[in-house]
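This is what each chain is made of:
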Amino acid sequence: MEQVSANKAFGGVQGVYRHASAETATDMSFSVYVPPHEEGAKLPVVWYLSGLTCTHANVTEKGEFRKACAELGLIFVAPDTSPRGEGVPDDPAGAYDFGLGAGFYVDATQAPFNRNYRMWSYVTEELPALIAEHFPADMSRQSIMGHSMGGHGALTIGLRHPGRFKAVSAFAPIVAPSQVAWGEKALGGYLGDDPAAWRKHDAVALIEDGARVPELLVDQGTADQFLEQQLRSELLQTACDAAGIGLTLNMREGYDHSYYFISSFMTDHLRWHAARLGAE
């Protein structure tokens, strides 16, 4: 693992790192903020998964999370959203919603994407092992959150690993990718036409099929240009109501899909996570 950069912030260290990934067969970059802490202490970890077109840098530069993480004692990890590099296949038409920057947090089964696009295993297995080895992380206290495509990733990973993650939240998530154009394109392109494979990566379908967590926190802007066609937060509300999952769905009046929205409510989410992680 190579340290690309390190900057002191709020008494802690914001680092960017690069390593050769066995899962994606590429070099992968990620960022980690480690708050100030006593020597030998082990700290809870919050995972943040980013959305379409993003890298680790978007939330790192615009998410405004470090002050809260320093106060609450939270490590904040932000992976990339897809493999990158020479020879990594992209959307044939160069569209933003598939291929580079749009891994959708699945392990692709369809050629030519199955060689590199293994973001599910990267985020759930390979990168956690690296974090546990190199950072003062208490891996018994993890939570996960994300935005848009990353909100989809956070919800599906949290629902499929309920014993691992103490809290799951999202900003403007794609809640039912099987039912919207972004998801139909991505899931079909990466996983093929098997509907059972799609359901394992669809939060609403997972809940319908019996996946359970005690509660979820979702913030959604009412002025989000993708709300009605791609995000469909009402479908998550219906599924959670039917399943008895406590969903707090905050419809934020006038907010859009951008990091102006995310940064406005990031501290609220981190405090919510910290309470469930037993952080100070």
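Okay, so let's go over this structure. All values derive from a computational prediction rather than experimental measurement.

1. Let's talk about the overall build of the protein
Part 1 of the argument: When helices and strands are counted, the protein shows ten helices and nine strands.
Part 2 of the argument: A compact globule built from 280 residues should have a C-alpha radius of gyration of about 19 Å, and the protein, at 17 Å, falls within 12% of that.
Part 3 of the argument: Taking the principal axes of its C-alpha atoms as reference, the protein extends roughly 50 × 45 × 35 Å.
Part 4 of the argument: The 280 residues of the protein split such that 59% are buried.

2. Comments concerning the pattern of salt bridges
Part 1 of the argument: Applying the stated criterion across every chain, the model contains 15 salt bridges.
Part 2 of the argument: With a shortest N-O distance of 2.6 Å, Glu-234 and Arg-232 are connected by a salt bridge.
Part 3 of the argument: Owing to a relative accessible area of 22%, Arg-232 belongs among the partly exposed residues under this scheme.
Part 4 of the argument: Overlapping salt bridges, with partners in common, bring together Glu-23, Asp-107 and Arg-118 in one network.

3. A short note on unusual backbone geometry
Part 1 of the argument: Of note, the bond from Ala-111 into Pro-112 is cis; its omega dihedral lies within 30 degrees of zero at 0°.
Part 2 of the argument: Among the structural elements, Pro-112 can be located in the loop between β5 (75–79) and α3 (119–134).
Part 3 of the argument: The residue Tyr-105 is not glycine, and still its phi comes out positive at about 55°.
Part 4 of the argument: Looking at the element boundaries, Tyr-105 is found in the loop between β5 and α3.
Part 5 of the argument: A positive phi angle is found at Ser-148, which is not glycine, with a value near 60°.
Part 6 of the argument: Inspection of the secondary structure puts Ser-148 in the loop between β6 (137–147) and α4 (149–160).
Part 7 of the argument: Of the residues examined, Ser-148 reaches a relative accessible area of 2% and is grouped as buried.

4. Quick notes on helix α5 (residues 181–191)
Count 3.6 residues to each turn of an α-helix, and residues three or four apart come out pointing the same way.
Part 1 of the argument: Those residues of α5 not exposed but buried are Trp-182, Gly-183, Ala-186, Leu-187, Tyr-190 and Leu-191. For α5, the buried positions fall inside an angular range of 100° around the axis, keeping them on one side.

5. A short note on the sheet that holds β5
Part 1 of the argument: If you trace the nine strands from one edge of the open sheet to the other, you get β1-β2-β3-β5-β4-β6-β7-β8-β9, paired in mixed fashion. Taken across any chain shown, the strands that pair with only one partner, and hence form the sheet edges, are β1 (2–9) and β9 (246–252). Adjacent strand axes in the sheet meet at a mean angle of 20°, parallel and antiparallel pairs treated alike.
Part 2 of the argument: As paired elements, β6 and strand β7 (residues 165–171) share five bridges and run parallel to each other.

6. Quick notes on the environment of Ala-20
Part 1 of the argument: Assignment of secondary structure puts Ala-20 in strand β2 (residues 12–20).
Part 2 of the argument: Remark: the alpha-carbon pair of Ala-20 and Glu-86, spanning 66 residues in sequence, is separated by 14 Å.
Part 3 of the argument: Once you skip the residues sitting within four places of it in the chain, Ala-20 turns out to touch Thr-26, Asp-27 and Glu-126.

7. A look at the pairing of strand β8 (residues 215–221)
Part 1 of the argument: Burial analysis of β8 places six of its seven residues in the buried class, the great majority of the element.
Part 2 of the argument: In the sheet, β7 pairs with β8 via three bridges, with the strands oriented parallel. What sits directly across from Ala-170, in β8, is Val-218.

8. Examining the packing of aromatic side chains
Part 1 of the argument: One pass over the full model with this rule turns up 16 aromatic pairs.
Part 2 of the argument: Taking the centre distance of 5.8 Å and the plane angle of 85° together, the rings of Phe-113 and Tyr-190 count as edge-to-face. Of this pair, Phe-113 sits in the loop between β5 and α3 while Tyr-190 sits in helix α5, and the two are 77 residues apart along the sequence.

9. Description of the side chain of Gln-142
Part 1 of the argument: Assignment of secondary structure puts Gln-142 in strand β6.
Part 2 of the argument: At a separation of 3.0 Å, a polar atom in the side chain of Gln-142 contacts the main-chain carbonyl oxygen of Met-139.
Part 3 of the argument: The contacts of Gln-142, once residues within four sequence positions are left out, are Val-45, Trp-47, Arg-164, Phe-165, Lys-166, Ala-167 and Leu-277.

10. Topic: α3
Part 1 of the argument: Where α3 bends most, the angle comes to about 35°, and this point is Leu-127, followed within four residues by the proline Pro-128.
Part 2 of the argument: At its buried positions, α3 is contacted by β2, β3 (27–34), β4 (43–49), β5, β6 and α4.

11. Here we look at the pairing of β1
Part 1 of the argument: In terms of strand pairing, β1 meets β2 through seven bridges, oriented antiparallel. Bridged to Ala-6 within β2 is Gly-15.

Each value, and the rule that gives it
- Residues numbered from 1 in each chain as written.
- Predicted model: local features only at pLDDT ≥ 70, side-chain atom pairs only at ≥ 80, totals over all residues.
- Heavy atoms only, no water.
- Helix = DSSP H or I, 4+ residues; strand = E, 2+ residues; numbered from the N terminus.
- Rg over C-alpha atoms; globule rule 2.2 N^0.38 Å.
- Buried < 20%, exposed > 50% of the residue type's maximum accessible area, 1.4 Å probe, protein only.
- Salt bridge = Lys/Arg side-chain N within 4 Å of Asp/Glu carboxyl O.
- Arc of directions from axis to C-beta.
- Pairing = 2+ DSSP bridges.
- Axes fitted to C-alpha atoms, helices over the stretch in contact; angles between N-to-C directions.
- Contact = heavy atoms within 4.5 Å.
- Phe/Tyr/Trp six-rings, centres within 6.5 Å; stacked < 30°, edge-to-face > 60°.
- Polar contact = N/O pair within 3.5 Å; in protein donor to acceptor, adjacent residues only side chain to side chain.
- Bend = angle between axes of the 7 residues up to and from the residue.

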